[in-house]
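The residues making up each chain are set out below.
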Amino acid sequence: MDQSFYIGSTAAQQQNMRMGIHGNNISNVNTSGFKAEKSRFKALMCQDVRTVERETQGVGVGSAMLASATDFHTGAVQDTGRTQDYMINGDGFFALADLETGEISYTRNGAFSVARLERPTGEVDENGIPVVDEGWYLTDGEGRLVLGTSGSVIEVEDAQAEQPVGVFDFINYDGMRHQQGTRFTAEEKNGGLRNGTGTVIRGKLESSNVDLAEELTKVIESQRAYGMALKLMQASDEIESTINGLRG
């Protein structure tokens, strides 16, 4: 009975995690450049038992979510007409630099803007105070700077002009770490950074690749599986209570 209760509790927990993934996908159905997450499950420990007829039968202890994989297929084209909106036609990512942390992240969301920011120069004055350089830069709207084709941040001279936004790519995308929103960071197994083959189109954005009908179906599946897991736990508890009552 302990095993059946364990299977039910594990299943409820894992289905709750699955609902969280697909719920997050649904909430980002209108987020430009968002890439949907897909849940992957694996079987837990399986053992062979001998039945009354002396036949060997495999018995498992349920399943658990192994990982969530990102679906990187391209979303639909969204025509915005805005001056500093960009999309990538083909493979690759936009690169964003966080000057405070030194983190470089990658995104397919090209909804950029021009902002006046203070950029550290790496030098200090005679009083030991860091020297900063104020200027207009192309940003993601959250303080990170967009990297250009040369690999350096883009300093904007004309806010209405098209900027030299760079496109960067990796050998494979499997295992890229999904950060907040539409950003990803690369892992060692993604290979070295290289120039992307995709071309930049101005005045357009890539829509989210979330399939709303599929996500709603997955949520319904998870809700029903969650309910069945709770019923299994309840039935196991009732049976064990009955057995304990007979012992008395």
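Everything below is about the structure shown above.
Just so it is clear, the structure is predicted and the values come from calculations on it, not from any experiment.

As for the overall build of the protein
Stage number 1. A tally of regular secondary structure across the protein gives two helices and 17 strands.
Stage number 2. A total of 248 residues make up the protein; the buried ones form 35% of that total.
Stage number 3. A separation of at least 24 residues holds for 64% of the contacts in the protein among residues at least 6 apart in sequence.
Stage number 4. When the accessible surface of the protein is split by element, carbon and sulfur atoms take 49% of a total near 14,500 Å².

Description of a negative patch on the surface
Stage number 1. On the surface, Asp133, Glu155, Glu157 and Asp158 cluster together into a negatively charged patch.
Stage number 2. Assignment of secondary structure puts glutamate 157 in the loop between β11 (145-146) and β12 (168-169).

As for the side chain of glutamate 37
Stage number 1. Inspection of the secondary structure assignment puts glutamate 37 in strand β1 (residues 37-43).
Stage number 2. Residue class for glutamate 37 comes out buried when judged on its relative accessible area of 8%.
Stage number 3. There is a polar contact of 2.9 Å between the side chain of glutamate 37 and the side chain of threonine 70.
Stage number 4. Only 2.4 Å separates the side chain of glutamate 37 from the side chain of histidine 178, close enough to count as a polar contact.
Stage number 5. Sequence-distant contacts of glutamate 37, that is, excluding residues within four places in its chain, are made with Ile21, His22, Asn25, Ser68, Ala69, Thr70 and His178.

Looking at the packing of aromatic side chains
Stage number 1. Under the defined criterion, the tally for this structure stands at seven aromatic pairs.
Stage number 2. Taking 5.1 Å as the distance between ring centres and 75 degrees as the angle between the ring planes, the aromatic pair formed by phenylalanine 93 and tyrosine 173 counts as edge-to-face. With phenylalanine 93 in the loop between β6 (86-89) and β7 (94-97) and tyrosine 173 in the loop between β12 and β13 (177-178), the pair connects residues that are 80 residues apart, well separated along the chain.
Stage number 3. Residue classification places phenylalanine 93 among the buried residues on the basis of a relative accessible area of 1%.
Stage number 4. Aromatic pair tyrosine 106 and phenylalanine 170: ring centres 5.1 Å apart, planes at 90 degrees, arrangement edge-to-face. Here phenylalanine 170 lies in the loop between β12 and β13 and tyrosine 106 lies in strand β8 (residues 104-107), a separation of 64 residues in the sequence.
Stage number 5. Exposure remark for phenylalanine 170: the relative accessible area of 4% places this residue in the buried category.
Stage number 6. Taken together, the aromatic side chains of Phe72, Phe93, Tyr173 and Phe184 make up a single cluster linked through ring pairs.

Parameters and conventions
- Residues numbered from 1 in each chain as written.
- Predicted model: local features only at pLDDT ≥ 70, side-chain atom pairs only at ≥ 80, totals over all residues.
- Heavy atoms only, no water.
- Helix = DSSP H or I, 4+ residues; strand = E, 2+ residues; numbered from the N terminus.
- Buried < 20%, exposed > 50% of the residue type's maximum accessible area, 1.4 Å probe, protein only.
- Contact = heavy atoms within 4.5 Å.
- Areas by Shrake-Rupley, 256 points an atom, 1.4 Å probe, with all protein chains shown as cover.
- Patch = residues over 30% accessible without salt bridge, like charges linked within 9 Å, V, L, I, M, F, W, Y side chains within 5 Å.
- Salt bridge = Lys/Arg side-chain N within 4 Å of Asp/Glu carboxyl O.
- Lys, Arg positive; Asp, Glu negative; His and termini not counted.
- Charge placed at Lys NZ, Arg CZ, Asp CG, Glu CD.
- Polar contact = N/O pair within 3.5 Å; in protein donor to acceptor, adjacent residues only side chain to side chain.
- Phe/Tyr/Trp six-rings, centres within 6.5 Å; stacked < 30°, edge-to-face > 60°.

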